[in-house]
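Architecture at a glance
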Amino acid sequence: MKSEMKRREIDALVVSDTYNMAHLTGYTANAGYVPQALVVSLEEEPTFIPRRQEAPAAIHQTFMDRSKIVGYREAHSSVIRTWMATTR
């Protein structure tokens, strides 16, 4: 994926589709009803942003370092949902 991003001169990519995130991370929890995202950068390892209560499951299901799984508080879901809607 990063080689294709480099070829297309894309520095960072935000993935918000549940199926694409599952393919890229191995995280298979059915959380498509809440906002979550995977941020892929050319410079760093990907960062996964699920709800805080789902972060422990993501730590166990993914290949990712736990420092790259950043859970957000439920109170912030409307802010994240708005941000994701404006970036599609």
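Residues numbered from 1 in each chain as written. Predicted model: local features only at pLDDT ≥ 70, side-chain atom pairs only at ≥ 80, totals over all residues. Heavy atoms only, no water.

Some words on unusual backbone geometry
- Despite not being glycine, E9 shows a phi value in the positive range, around 60°.
- Of note, E9 is situated in the loop between α1 (2-7) and β1 (12-15). (Helix = DSSP H or I, 4+ residues; strand = E, 2+ residues; numbered from the N terminus.)

With respect to the nonpolar core
- Grouped together as the largest cluster of nonpolar side chains are 11 residues: M5, V15, M21, Y27, L38, V40, F48, A55, A58, M64 and I69.
- At the level of secondary structure, the elements contributing two or more residues to this core comprise β2 (37-41) and α3 (55-61).
- Residues within four places of L38 in sequence aside, it is in contact with L13, V14, V15, M21, L24, T25, P46, T47, F48 and M64. (Core = buried A, V, L, I, M, F, W, Y, C linked by side-chain atoms within 4.5 Å. Buried < 20%, exposed > 50% of the residue type's maximum accessible area, 1.4 Å probe, protein only. Contact = heavy atoms within 4.5 Å.)

Digging into the sheet that holds β1
- Taken together, 3 strands build an open sheet; the order of strands is β1-β2-β3 and the sheet is antiparallel. The open sheet has two edge strands with one neighbour each: β1 and β3 (47-49). Taken pair by pair, the neighbouring strands of this sheet meet at an average axis angle of 15°, ignoring direction.
- Here 4 bridges tie β1 to β2, and the two strands are oriented antiparallel to one another. Counted as the bridge partner of V14 is V39 from β2.
- Sitting on the sheet, helix α2 (residues 18-25) is in contact with β1, β2 and β3, with an inclination near 55° to β2. (Pairing = 2+ DSSP bridges. Axes fitted to C-alpha atoms, helices over the stretch in contact; angles between N-to-C directions.)

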